[in-house]
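# Secondary and tertiary structure notes
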Amino acid sequence: MIVLGIESSCDETGIALYDTNHGLLAHALHSQIRMHAEYGGVVPELASRDHIRRVLPLTESVLRDAGLALGDINAIAYTQGPGLSGALLVGTSVAEALAFTLNIPTIGVHHLEGHLLAPLLEENPPAFPFVALLVSGGHTQLMRVSGIGEYELLGDTLDDAAGEAFDKTAKLLGLEYPGGPAVSRLAELGKPGNYKLPRPMLNSGNLDFSFSGLKTAVLTAVTASAMDDAAKADIAYAFQEAVVDVLTAKCVAALNQTGLERLIVSGGVGANKRLRESLNRAAGKNRFEVSYPRLEFCTDNGAMIAFAGAMRLKNNRQGNHAFTVRPRWDLAELTAP
Ligand code: KG4
Ligand code: ZN
């Protein structure tokens, strides 16, 4: 079965073709980051309009790359939510219109399920069950994953998501949007020891997170003294270390609590180099396996949507032809296909 995946929930148009027999055939992405950068964040109306411009040319491009025609597609998976409603509607409308003319099923995919399953696109994918750390711009969650649609929430952020903390810290340091990669690049120039930032909820005894206090601590540090480039780099370093320490400790605690020996990490912050170094070190020390998606599949992409859709359609070939979007949608509402 060949599944076309369409991702349009936020500021990236991602299209991919996934074959249940041969794996990922082709994928393409258009990022709107430069378009939104001058506004310091995503402008929803501009995002929707740009998705409209990109979806069909990118679909033609992945078909060309895979040497396939529209008629070879057996099903279409699209991001149904959560996300920006106008942006989601673009993917949904194109998916439903194409599926109607091709007489094939569609399946609305939960964006976070896409992120969660992205590491399974790689070679030697981890087997279920595993602990998943989902760290994106909007979410910081630890989950016990027993199978497709079998997600038990173990811990969540009480306020800001880790990615959001990176983005806000970037703003305070005068860096560009999106902040994660910019803070992480600046942190490489920073030195330890000059700033001491808190590790929120490190010893809370549960698997929840909180990052808004850390952002406030950065604000305090930034306003307390004159900021030259070296000081900014030192703050970026201290901030990143604080986030990485907390995320690593909670992952180890989640593995201990569940008795599981496999961890997967997904979402935009999963691309962070220091986080990967720290988790790899913890994996060696505590004897667990850790898997990540390739860097380009940490952030939004069509491949994860095609894959999650294909996994769901395996057990339900009907699809759903829902033609609705779900801008707010809790991952815990999903059930096994
Ligand atoms: O998963 P994603 O593309 O979008 C959501 O669904 O939220 O994640 C985007 C988030 C942004 O907050 C961005 O700053 C962060 O991931 N991010 C990073 C890195 N790359 C992206 N944070 C830290 N280090 C990175 N290398
Ligand atoms: Zn995302």
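As the structure is a prediction and not an experimental result, all values here were calculated from the model. (Residues numbered from 1 in each chain as written. Chains lettered and ligands numbered in written order. Predicted model: local features only at pLDDT ≥ 70, side-chain atom pairs only at ≥ 80, totals over all residues. Heavy atoms only, no water.)

This next bit is on the domain arrangement of the chain. Splitting the chain by domain gives domain 1 (2–117 + 297–333) and domain 2 (129–292). Each of domain 1 and domain 2 has a C-alpha centre, and these two points are 28 Å apart. Counting from both sides, the interface comprises 17 residues of domain 1 and, opposite them, 19 residues of domain 2. Taking both partners together, domain 1 and domain 2 bury about 1,500 Å²; carbon and sulfur atoms supply 73% of that area. Among the residues of domain 1 in contact with domain 2, Leu-112, Leu-116 and Cys-298 are the three that bury the most area, contributing 39% of the side total. One can count four residue pairs in polar contact (both at pLDDT 80 or more) joining domain 1 with domain 2. Every element with two or more residues in the side of domain 1 that touches domain 2 is listed here: helix H1 (33–37), helix H4 (111–117) and helix H10 (302–315). When residues in the side of domain 1 that touches domain 2 are grouped by element, the largest group, five residues, is from H4. (Domains from an automatic or database assignment. Contact = heavy atoms within 4.5 Å. Buried area = accessible area lost by both parts, 1.4 Å probe. Polar contact = N/O pair within 3.5 Å; in protein donor to acceptor, adjacent residues only side chain to side chain. Helix = DSSP H or I, 4+ residues; strand = E, 2+ residues; numbered from the N terminus.)

Here the zinc ion (ligand 2) is held by His-111 (NE2), His-115 (NE2) and Asp-300 (OD), and the distances to it run 2.0 to 2.1 Å. Coordination at the zinc ion (ligand 2) comes from four donor atoms whose angles at the metal span 93 to 129°, giving a geometry best classed as tetrahedral. Mapped onto the sequence, the donors of the zinc ion (ligand 2) take the spacing H-x3-H-x184-D. You can see His-111 and its partner His-115 sitting in helix H4, four residues apart, about one turn around the helix. Each member of the pair, His-111 together with His-115, is buried. (Donors = N, O, S within 2.8 Å, 3.2 Å for Na, K, Ca; no water. Tetrahedral: all angles 85-135°; square planar, octahedral: opposite > 155°, others 65-115°. Buried < 20%, exposed > 50% of the residue type's maximum accessible area, 1.4 Å probe, protein only.)

Here Thr-13 shows up in strand E2 (residues 12–19). Given a relative accessible area of 0%, Thr-13 falls into the buried group. Reaching out from Thr-13, the side chain makes a polar contact with the side chain of His-51 at a distance of 2.9 Å. In contact with Thr-13, not counting residues within four places along its chain, are Glu-7, Ala-28, Leu-29, His-30, Gln-32, His-51, Arg-54, Val-55 and Leu-58.

Extensive coverage of strand E1 (residues 2–7) is indicated by the burial of six of its six residues. Here E1 runs beside E2; their pairing, made up of six bridges, is antiparallel. Bridging across to E2, Gly-5 finds its partner in Ala-16. Hairpin remark: E1 followed by E2, antiparallel, with four residues in the connecting loop. (Pairing = 2+ DSSP bridges.)

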